[in-house]
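Structure at a glance
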Amino acid sequence: MTETVRVSAPTRRLLPARDLAQIAIFAALIAALGLAGPLNIGPVPITLQSLGVMFAGAILGPRKGTLAVLLFLILTAVGLPLLAGARGGIGVFTVSPAAGYLYGWLFGAFVTGYLTARLLPKYPFWLALGATILGGIVAVYLIGIPVMALNLGLPLWTTLGLNIAFIPGDLIKVVVTVLVARQVHKAYPGLIAKGRRPQA
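Residues numbered from 1 in each chain as written. Predicted model: local features only at pLDDT ≥ 70, side-chain atom pairs only at ≥ 80, totals over all residues. Heavy atoms only, no water.

**Quick notes on a nonpolar patch on the surface**
A contiguous nonpolar patch, built from Leu70, Leu71, Ile74, Leu75, Val78 and Leu80 and spanning about 470 Å² of accessible area, is present on the exposed surface. Inspection of the secondary structure assignment puts valine 78 in the loop between helix 2 (49-77) and helix 3 (99-117). (Patch = residues over 30% accessible without salt bridge, like charges linked within 9 Å, V, L, I, M, F, W, Y side chains within 5 Å. Areas by Shrake-Rupley, 256 points an atom, 1.4 Å probe, with all protein chains shown as cover. Salt bridge = Lys/Arg side-chain N within 4 Å of Asp/Glu carboxyl O. Helix = DSSP H or I, 4+ residues; strand = E, 2+ residues; numbered from the N terminus.)

**Details of the UniProt feature "transmembrane region" (unreviewed entry) in the protein**
Using the residue numbers shown here, the UniProt feature "transmembrane region" (unreviewed entry) corresponds to residues 20-37, 43-60, 67-86, 98-117, 124-148 and 160-181. The span residues 124-148 is 96% helix and 0% strand, and its two end C-alpha atoms sit 34 Å from each other. The span residues 160-181 is 82% helical and 0% strand by assignment, and the distance between its end C-alpha atoms comes to 30 Å. (UniProt positions renumbered as here; feature names shortened; annotations may be inferred.)

**What about the packing of helix 3 against helix 4 (residues 125-152)?**
Taken N-terminus to C-terminus, the directions of helix 3 and helix 4 make an angle of 160°; their axes are 7 Å apart at the nearest point. On the basis of their axis angle, the class for helix 3 and helix 4 is roughly antiparallel. For the pair helix 3 and helix 4, the crossing hand works out as right-handed. Here the contact of helix 3 with helix 4 is composed, by residue class, of 16 nonpolar, nine polar and no charged. (Axes fitted to C-alpha atoms, helices over the stretch in contact; angles between N-to-C directions. Parallel < 35°, antiparallel > 145°, perpendicular 65-115°, else oblique. Left-handed = near helix turned anticlockwise from the far one by under 90°. Nonpolar A, V, L, I, M, F, W, Y, C, P; charged D, E, K, R; others polar.)

**A word on the side chain of histidine 185**
Note on placement: histidine 185 falls in helix 6 (residues 167-187). In this structure the side chain of histidine 185 is engaged in a polar contact, spanning 2.7 Å, whose partner is the backbone oxygen of alanine 58. Excluding residues within four positions of it along the chain, histidine 185 makes contact with Ala58, Ile59, Thr116, Leu120, Leu191 and Ile192. (Polar contact = N/O pair within 3.5 Å; in protein donor to acceptor, adjacent residues only side chain to side chain. Contact = heavy atoms within 4.5 Å.)

**Re the packing of aromatic side chains**
Inspection of every chain in the model, using the stated rule, returns six aromatic pairs. On the numbers, 5.2 Å between centres and 80° between planes, the contact of phenylalanine 125 with tryptophan 126 is edge-to-face. Taking NZ or CZ as reference, arginine 118 lies 3.8 Å from the ring centre of tyrosine 114, over its face. (Phe/Tyr/Trp six-rings, centres within 6.5 Å; stacked < 30°, edge-to-face > 60°. Lys NZ or Arg CZ within 6 Å of the ring centre and 35° of its normal.)

**Re helix 1 (residues 17-32)**
With 16 residues, helix 1 should cover 22 Å at 1.5 Å per step; its first-to-last C-alpha distance of 22 Å lies within 8% of that length. Three or more residues of helix 1 are buried, namely Asp19, Gln22, Ile23, Phe26, Ala27, Ile30 and Ala31. (Expected span 1.5 Å × (residues − 1). Buried < 20%, exposed > 50% of the residue type's maximum accessible area, 1.4 Å probe, protein only.)

**A look at empty space enclosed by the protein**
Inspection of every chain in the model, using the stated rule, returns one cavity of 30 Å³ or more. Taken as a whole, the largest cavity encloses approximately 40 Å³ of empty space. Together, Ser50, Val53, Met54, Trp105, Gly108, Ala109, Thr112, Gly135, Gly136 and Val140 line the largest cavity. When contributions to the lining of the largest cavity are tallied by element, the ones reaching two or more residues are helix 2, helix 3 and helix 4. For the lining of the largest cavity, the per-class residue count stands at five nonpolar, five polar and no charged. (1 Å grid on protein atoms, 1.4 Å probe; cavity = no way out; pocket = protein on both sides within 12 Å on 5 of 7 lines; lining within 4 Å. Points joined across faces, edges and corners; volume = space filled by probe spheres on them.)

**Regarding the nonpolar core**
Of all hydrophobic cores here, the largest spans 44 residues; its most connected members are Val69, Phe72, Trp105 and Tyr123. Elements represented by at least two residues in this core include exactly helix 1, helix 2, helix 3, helix 4 and helix 6. Ranked by residue count, the leading element in this core is helix 2, at 12 residues. Not counting the four nearest positions on each side in its chain, tyrosine 123 is found in contact with Ala58, Thr116, Ala128, Thr132, Val178, Ala181 and Arg182. (Core = buried A, V, L, I, M, F, W, Y, C linked by side-chain atoms within 4.5 Å.)

Here it is, written out as structure tokens:
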């Protein structure tokens, strides 16, 4: 009587260990940028953590960058005080005026990474600036401002005016992101993997 031995195919990991490490490092970077504390000039504090979100998208790309932000947000939601000002918990994602910006970070990291991937390997400066503005500012505001208006009970146009104070600082973060990302992609040209069609 012969026995049939079944050899299972090796399982393929969704993310290599190197990618997981990069995701964890950038989630930690976003948290570390909150140690400087917030600048409270309105209902939503100004922090350096949005710079970390831009870094994640522009350096890691749409997939890993978004996952890095998602990991940071999950750790914050379970109660770790990782937001600037030692804030955390589910409340910052629901009733807080800044709740929409946290969701916007996810969208912003994805858009920044998606556009950045299409500018590589050349990554021209002015196009990179435009891509990072669209992802790091416009995409974040598209979610942040309406949720802020809802949570504060303010008209949308009033809330839009409150956000004007954020724009100069965000533009500085965009320039810093592009300058850093250019050097990183020059040193590590394969950091953002190009998508490939699966072969039969």
